[in-house]
Amino acid sequence: MLTCRSVWRKLAPLARPSSAVCRQSARRAGLNNGRIPTCVPAAHMSTGPAGGGADNVKYALMVGAACIGGLTYAYLTVKGDQQRYQERITEIASRSSKTATEEPAPIQSEPPAAEVAETEAVSEPEPEAAPSPEEPSPPAPEEEVLSPEAEAAAPSETTAPPPADEPAVEAAPEEAAAPPAAPVVEEEASPPSEPSPAELTEPPPAPVVESEPAAAAEPAAAESPEPQPEVVAESVDSTPASLKVPSHAPYLLIGGGTASFAAARSIRARDPGARVLIVTDELDLPYMRPPLSKELWFSDDPSVTETLRFKQWNGKERSIYFQPSSFYVNPEELDRAENGGVAVLTGKKVVHMDVRGNKVKLDDDSEISYDKCLIATGGVPRNLQVIERAGEEVMKKTTLFRKVEDFKELDKVSRSIKSITIIGGGFLGSELACALGRRSAESDLEVVQMFPEKGNMGKVLPEYLSNWTTEKVKREGVKIISEALVKSVTCKDDKLEIQLKDGRSVTTDHIVAAVGLEPNVDLAKSAGLEVDSDFGGFRVNAELQARSNIWVAGDAACFYDIRLGRRRVEHHDHAVVSGRLAGENMSGASKPYWHQSMFWSDLGPDVGYEAIGIVDSSLPTVGVFAKATANDTPRAATEKSGTGIRSESETEDTAMSPVASVTPALPVNHKDEYGKGVIFYLRDKVVVGIILWNVFNRMPIARKIIKDGEEHADLNEVAKLFNIHED
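Residues numbered from 1 in each chain as written. Predicted model: local features only at pLDDT ≥ 70, side-chain atom pairs only at ≥ 80, totals over all residues. Heavy atoms only, no water.

**Comments concerning the packing of helix α10 (residues 258–270) against helix α18 (residues 572–586)**
Interaxial distance between α10 and α18 falls to 7 Å at its minimum, and their mutual angle equals 35°. Considering only the axes of α10 and α18, their crossing is right-handed. Contacts between α10 and α18 pair Thr 258, Ala 259, Ala 262, Ala 263, Ser 266, Ile 267 and Arg 270 from the former with His 572, Ala 575, Val 576, Gly 579, Arg 580, Gly 583, Glu 584 and Met 586 from the latter. Classifying every residue of the contact of α10 with α18 gives seven nonpolar, five polar and three charged. (Axes fitted to C-alpha atoms, helices over the stretch in contact; angles between N-to-C directions. Helix = DSSP H or I, 4+ residues; strand = E, 2+ residues; numbered from the N terminus. Left-handed = near helix turned anticlockwise from the far one by under 90°. Contact = heavy atoms within 4.5 Å. Nonpolar A, V, L, I, M, F, W, Y, C, P; charged D, E, K, R; others polar.)

**Some words on α18**
Across its 15 residues, α18 extends 21 Å between first and last C-alpha, which sits within 8% of the 21 Å expected from 1.5 Å per residue. With 15 of its 15 residues buried, α18 lies for the most part within the structure. Of the residues flanking the end of α18, it is Gly 588, one or two places downstream, whose phi is positive at about 100°. (Expected span 1.5 Å × (residues − 1). Buried < 20%, exposed > 50% of the residue type's maximum accessible area, 1.4 Å probe, protein only.)

**Here's the deal with the nonpolar core**
Judged by nonpolar contacts, the single largest core of 132 residues is most densely connected at Met 353 and Ile 690. It is strand β28 (residues 686–693) that provides the largest number of residues to this core, a total of six residues. With residues up to four places along the chain from it excluded, the contact list for Ile 690 reads Glu 610, Ala 611, Ile 612, Val 615, Val 678, Ile 679, Phe 680, Tyr 681, Ala 702, Ile 705, Ile 706 and Phe 722. (Core = buried A, V, L, I, M, F, W, Y, C linked by side-chain atoms within 4.5 Å.)

**Some words on unusual backbone geometry**
Phi at Asn 358 is positive, roughly 55°, even though this residue is not glycine. Relative to the helices and strands, Asn 358 resides in the loop between β6 (350–354) and β7 (359–362). What makes Asn 358 partly exposed here is its relative accessible area of 24%.

**Let's talk about the packing of aromatic side chains**
If you walk through the whole model with that rule in mind, you get twelve aromatic pairs. Aromatic pair Trp 297 and Phe 407: ring centres 5.2 Å apart, planes at 85°, arrangement edge-to-face. A residue pair is termed long-range when its members are at least 10 positions apart, and Trp 297 in the loop between β2 (275–279) and α11 (304–307) and Phe 407 in helix α14 (residues 404–414) qualify at 110 residues. Both residues of the pair, Trp 297 and Phe 407, count as buried. With 5.6 Å between their ring centres and 10° between their planes, Tyr 609 and Trp 693 make a pair best called stacked. (Phe/Tyr/Trp six-rings, centres within 6.5 Å; stacked < 30°, edge-to-face > 60°.)

**Considerations on the pattern of salt bridges**
Under the definition given, this model contains 25 salt bridges. Measuring nitrogen to oxygen at the nearest pair gives 3.3 Å for the salt bridge that ties Arg 415 to Asp 411. For Glu 717, the salt bridge is made with Lys 720, and the minimal N-O distance between the two is 3.0 Å. By relative accessible area, which is 18% here, Lys 720 ends up buried. Here the residues in one salt-bridge network are Asp 411, Arg 415 and Arg 439, joined through shared partners. (Salt bridge = Lys/Arg side-chain N within 4 Å of Asp/Glu carboxyl O.)

Just geometry here; none of it tells us what the structure is for.
Take a look at the structure:
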């Protein structure tokens, strides 16, 4: 009744104008006929909108039908919501009672299996209520969190925090309450202290076990920029292959390299109770790659391939592993770790990524769901097409150098053959050439290096410095073949014959292909992530995000540099800094990536350089050199700094007030000796790259020059900032 009255009130205004029009029409018709019209009663006039009685009826029916339909829909919706609410309450109550009855069962016998089964059973309705905000059922998540398993999980994430330098772990979440408990882990922010990249490469003096560490260890590790590395001795053994895969990880890191480890430590620094799971297809725990082509080759220990311990240029010994195995949590126990931790799942490869369902699929068909994910898949070494087409015999005698297994294989091969040929004149090829060249002096090994450029590192160094470097490599016992383009490779009489396009040929026992790195973007297709067509790698924003809960770091990230444009960098320091920043942003920091990462290369203990920005030999360069002293070598630099991994990332403040040398700087005179100096790379008269040749511990100054982006009338004056003329 009320509905009909309200409808009439809305239609009445239309009725009145229509009646008036009819009356006026009748009077006008009467006057035209010359007589006074009879009064037409208002009751006989139209009481609906103009257009006739049939139209009025239709209009009224349509309005009535709409009102009735709306009321019916509202009634059914309210009734359905009440029914769904009652079903949720009943389900939660039954689950709580089931958990209470199953509690006495032994948890340690097969925890992961029970957890997976229970999670699947409970998470069936979750995807509709948790991820999608369309369902208006706010009480449900509350009840989820209050379930016994969630209550047991909550305290484990708020208990005493472990040290800031402990790596973050991605592990399976708390059994059935995983979906609701995960947001608590993500949004909880903890101490503002952030781990320095130097700490990533130089582990602390005392290994931290996954159990609750001493509180005093945290400040000590944070204050020490270069801790003693001796503790990273034995971490050669990886986690057992029989480990069961956790079903959920609040923080999932794909890839087991430097970027992943840096992100794990950063997450744990901001969220001490975080559970982080690292998934890697390698069988080793996270380790640093630079020593594989540098210091390990100069070790006097015959068992270096087993211990993977080496002496740095400063004489101190350490392992390539960032932390020993005792530092990590067993993946099976991650969800039960009282203080969270970092777990590493080795020998497992992520083959598919479902970004909508927030889960990944491994090569054994197991699945892991996540709340936040980091892709740090790095890259795979390139190979020459002529070698790939040459057949299986040639491939068996070819090494693509990248991992620990490659180092072990090449070390073994180089001790049992007569000749080895390195194809490639870049950083890796030149470092391996110098390392194997020194070994050739002790054994009857012929080392050949060939490349298409005119000299070593010809794509990076200016021509005069590239030629000088080539002579340096020759003095190490390496035969150099420049301007060499490989035409074909064949295997004859157990020897490899390399035919060059200019007619030259080389016969060798083994080939090392060091011709670059291809970013690993295998997950891009299944994840629907964008790959940069120019530089390769996943395109990310300034905060290293590819999606709202997916980040990318390391070699696989193509990021935007606010000074130098879009770039992709394949160096250790970039992996450290980008991994650390991604970890901070995953735990709620929302920081942009502005850091100019550096890289370094050593041609043995006596010649080395550090570089930053865009260093491309096709750009115009200005070099300023000085006479070197005994202190201007990589060995002396590491003895002074106490570290062998020269990763700059946290010393920006030291570049604010540099002290210039009072000795006048002299421009390069293209003599045969370049003891130490600074090379500036220019684009539109602005410095975009700098190489410090045998000049160490000056990288913050170089970083500031590039960051300022100013034109310099006299670069000789700028070179004074590096004090290259000091004795």
